[in-house]
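Single-letter residue listing:
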Amino acid sequence: MALGEDATRHEPNAVRECSVSGVSVPPWVVGAALLSGLGLVLLIWLRSARCDPATSWLLSGLVLAQPAFWDFRISVSATLLSAAAGGVSFAALSFLKDQDVRRIALLGGSLAGAQLVSPLWGTVTTIIMPLALRRTLDDRTAGGLTGLYVSILFIPVLTAIGIVILDGQFRSEVWGLAHLRSTQAGTRSIVASLLPAAPLVAALLVRPWDAPARIIVLVAVALLVTSVALDLMAIESNSVSAAFAVLSLVLVVGVTPRLLSPPWALLLLSATLLASWSSVWLVRTDV
Amino acid sequence: MFALDYALWFDFLLPGLDKLGIPMPLGGTSNHFRVDALRAIHGWDPFNVTEDADLGIRLARLGLRVCTLDSTTYEEATNRSRDWLRQRTRWLKGYMQTWLVHMRSPRALLRNAGVSGFFGFQLFVGGTVLSALLNPLLWTIFILSSFINLPMVGISEGAHSISLVGLLAGNVLFAYLAMLGPYRRGWLDLSPFALAIPLYWLLISAAAFRALWQLVHDPWRWEKTPHGTSRMLSENVP
């Protein structure tokens, strides 16, 4: 029931094409179209957050230069995953500002959408999101907090139940996770998987993170953990590459409410981009 | 559940109808009228047990606007199931009467209320009754189809899917709206009770069938809701 391709289930030699009414559309065309759309959305988003044009173009470029977006076999799923992660981050940050009905529905809907795009990551994010929000809602009574969580989680939980019932692939992924055994013994592969996280970890150590930052970090950590875990099952690193493409977009979302200053964001995204391409090189030379 | 029901109706649905300009079936707790408007529509219908709902529709048909005000009148909820059933029976019977009266001439209703008003009336008055009456039927089809082969008893296989979709969509939507309903009042601690909406809706269905029975056999019976019972009960508690 996953929307589009699932980047975490990838066959390296398969060439997928998108067919509409029997006409085959080359994957690079679909990938290029989606990439252009994503770039446009990023630009508009950043400009509407009063980011100057040069920084907006630079930040958008750094996100789009991620290796996952240029591998057209997985760019469709990477774009969808980016949109889902960006949506969840935006909805969560918006919810932190004010807990009104629209924002509650938006957050619940974005978590449900995340599960449709990537069931495992979406489910993990749904589980940890209340924890990320917990500290900011300390002033509420226990009853009020329960009501808030029930309202946020109602639609995502129903979506998860539907996916479990309807999606056989998701069930096999969860089963595989429960009996996780690494099929890639190489240290190089593990380093390649985790290398792009290094800039983010360094940034975490350097500056303190407030509630909005915790949201961004938790969304990113959920993505990384599920991607690495699924990679260990799937013997492919491409999903991790996709995860870092998404992470870059999520970091950009963090720029818009002035969570990250533009120079910080530029530095972090540049470092993540360099690490991602290094990761791809490491994997390729390991094969 | 009553608080959730009212919060949804008065804090979301009625303001929504106001904003969309759809005829509003009034509730009788607090209404304020211009006397000349009341006289123009010849007052309340004495044969309708929800005369206020009917009044709202007739005002709209005359081209008069009904709005919601940003004020609250608190009302005592029935705290006995017997009283709740009687009250809900009367409301649903009144909705049936209102629908039947205004649909005697559908073209006139369409002309007076406009397209959005006409379809809004079908949805909020007719739809309320129809959904309550259909709900047990959908549950019955769904439960039966889970255990027996429907075509063998003359029901198509698609009935299972239709009943499932209807139940899921209806109950999920109703529960979710009821969950969000109390937010404006800050009554977040009531939201989890919205998970019991499927059961509450079955109770509403029971009232609907009771209403249908009364519509045929005793249409003008008015089962007055007793008020002050909460105070009486709390006074009697040692």
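Here the structure is a predicted model, which means the values were calculated and not measured.

Broken down by element type, chain B carries 8 helices and 0 strands. Starting at the N terminus, the α and β elements of chain B follow one another as α-α-α-α-α-α-α-α. Relative to the globule expectation of 18 Å for 238 residues, the C-alpha radius of gyration of chain B, 19 Å, shows essentially globular dimensions. C-alpha extents for chain B along the principal axes are approximately 60 × 60 × 35 Å. Counting all 238 residues of chain B, 42% fall into the buried class.

Take the interface of chain A and chain B next. Listed as interface residues are 15 residues of chain A and, on the opposing side, 12 residues of chain B. In total, chain A and chain B occlude about 1100 Å² of area from one another, counting both sides; carbon and sulfur atoms represent 82% of this. Contact with chain B buries surface across chain A, with A:Val101, A:Ser151 and A:Phe154 losing the most and accounting together for 43% of the total. For the interface between chain A and chain B, the tally reads 0 salt bridges. The interface formed by chain A and chain B holds 1 residue pair in polar contact (both at pLDDT 80 or more) in total. Among the secondary structure elements, those contributing two or more residues to the side of chain A that touches chain B are helix H5 (101-117) and helix H7 (142-166) of chain A. Residue contributions to the side of chain A that touches chain B peak at 10 residues, all from H7(A). Looking at the side of chain A that touches chain B, its residues break down into 8 nonpolar, 6 polar and 1 charged.

Attention shifts here to helix H4 (residues 75-97) of chain A. Compared with the 33 Å implied by 1.5 Å per residue over 23 residues, the 33 Å span of H4(A) between its first and last C-alpha is a close match. Counting buried positions along H4(A) yields 18 of 23 residues, so the element is predominantly enclosed.

This paragraph deals with a nonpolar patch on the surface. Residues and elements named next belong to chain A. A grouping of Val-157, Leu-158, Ile-161, Ile-165 and Leu-166 is seen on the molecular surface, where their side chains present a nonpolar patch of about 460 Å² in accessible area. Mapped onto the elements of the fold, Ile-161 is located in helix H7. For Ile-161, a relative accessible area of 44% translates into the label partly exposed.

What follows is about the confidence of the model for chain B. Of the residues in chain B, 92% reach a pLDDT of 70 or more, and the chain-wide mean stands at 87. At the level of chain-chain contacts, confidence expressed as ipTM amounts to 0.80, with global pTM at 0.78.

Further remarks concern the packing of aromatic side chains. All names here are of chain A. Counted according to the given criterion, the structure contains 11 aromatic pairs over all chains. Geometrically, the ring pair formed by Trp-45 and Phe-90 is edge-to-face, given 5.7 Å between the ring centres and 85° between the ring planes. Here Phe-90 lies in helix H4 and Trp-45 lies in helix H1 (residues 27-48), a separation of 45 residues in the sequence. By relative accessible area, which is 22% here, Trp-45 ends up partly exposed.

A few words now on the environment of B:Ala208. All names here are of chain B. Inspection of the secondary structure puts Ala-208 in helix H7 (residues 197-217). A residue is classified by how much of its surface remains accessible, and Ala-208, at 0% relative accessible area, is buried. With residues near it in sequence (within four places) discarded, Ala-208 still touches Leu-92, Met-96, Ala-132 and Leu-133.

Turning next to unusual backbone geometry. Excluding glycine, residues mostly have negative phi values, and the peptide bonds linking residues are mostly trans. All names here are of chain B. Even without being glycine, His-42 reaches a positive phi, approximately 60°. Relative to the elements of secondary structure, His-42 occurs in the loop between helix H2 (35-40) and helix H3 (51-61). Assessed through its relative accessible area of 71%, His-42 is described here as exposed.

This part is about the packing of helix H4 (residues 81-102) of chain B against H7(B). All names here are of chain B. At a closest axis distance of 8 Å, the pairing of H4 and H7 adopts a crossing angle of 60°. For the element pair H4 / H7, the angle class is oblique. The interaxial crossing formed by H4 with H7 has right-handed handedness. Of H7, the residues touching H4 (which contributes Trp-84, Leu-85, Arg-86, Arg-88, Thr-89, Leu-92, Lys-93, Met-96, Gln-97 and Leu-100) are Tyr-200, Leu-203, Ile-204, Ala-206, Ala-207, Ala-208, Arg-210, Ala-211, Leu-212, Gln-214 and Leu-215. Of the residues assigned to the contact of H4 with H7, the class counts are 14 nonpolar, 3 polar and 4 charged.

It is worth spelling out the environment of B:Phe174 at this point. Residue and element names in this part refer to chain B. Mapped onto the secondary structure, Phe-174 falls in helix H6 (residues 158-180). According to the relative accessible area criterion, Phe-174 is buried, its value standing at 18%. Separated by 166 residues in sequence, Phe-174 and Leu-8 have C-alpha atoms that sit 9.5 Å apart. The residues touching Phe-174, leaving out its near neighbours within four places in the chain, are Leu-8, Ile-197, Trp-201 and Ile-204.

On to the nonpolar core. All names here are of chain A. Counting residues in each nonpolar core, the largest one holds 81 residues, and the members touching the most others are Trp-121, Met-129 and Leu-133. Excluding its chain neighbours within four sequence positions, the residues that come into contact with Met-129 are Val-88, Ala-92, Leu-111, Ile-215 and Val-219. The next biggest cluster of nonpolar side chains, apart from the first, holds 16 residues, and it includes Leu-38, Leu-42, Ala-68 and Ala-265.

Here is what the cut-offs are and how they apply
Residues numbered from 1 in each chain as written. Chains lettered and ligands numbered in written order. Predicted model: local features only at pLDDT ≥ 70, side-chain atom pairs only at ≥ 80, totals over all residues. Heavy atoms only, no water. Helix = DSSP H or I, 4+ residues; strand = E, 2+ residues; numbered from the N terminus. Rg over C-alpha atoms; globule rule 2.2 N^0.38 Å. Buried < 20%, exposed > 50% of the residue type's maximum accessible area, 1.4 Å probe, protein only. Contact = heavy atoms within 4.5 Å. Buried area = accessible area lost by both parts, 1.4 Å probe. Salt bridge = Lys/Arg side-chain N within 4 Å of Asp/Glu carboxyl O. Polar contact = N/O pair within 3.5 Å; in protein donor to acceptor, adjacent residues only side chain to side chain. Nonpolar A, V, L, I, M, F, W, Y, C, P; charged D, E, K, R; others polar. Expected span 1.5 Å × (residues − 1). Patch = residues over 30% accessible without salt bridge, like charges linked within 9 Å, V, L, I, M, F, W, Y side chains within 5 Å. Areas by Shrake-Rupley, 256 points an atom, 1.4 Å probe, with all protein chains shown as cover. pLDDT = per-residue confidence, 0-100. Phe/Tyr/Trp six-rings, centres within 6.5 Å; stacked < 30°, edge-to-face > 60°. Axes fitted to C-alpha atoms, helices over the stretch in contact; angles between N-to-C directions. Parallel < 35°, antiparallel > 145°, perpendicular 65-115°, else oblique. Left-handed = near helix turned anticlockwise from the far one by under 90°. Core = buried A, V, L, I, M, F, W, Y, C linked by side-chain atoms within 4.5 Å.

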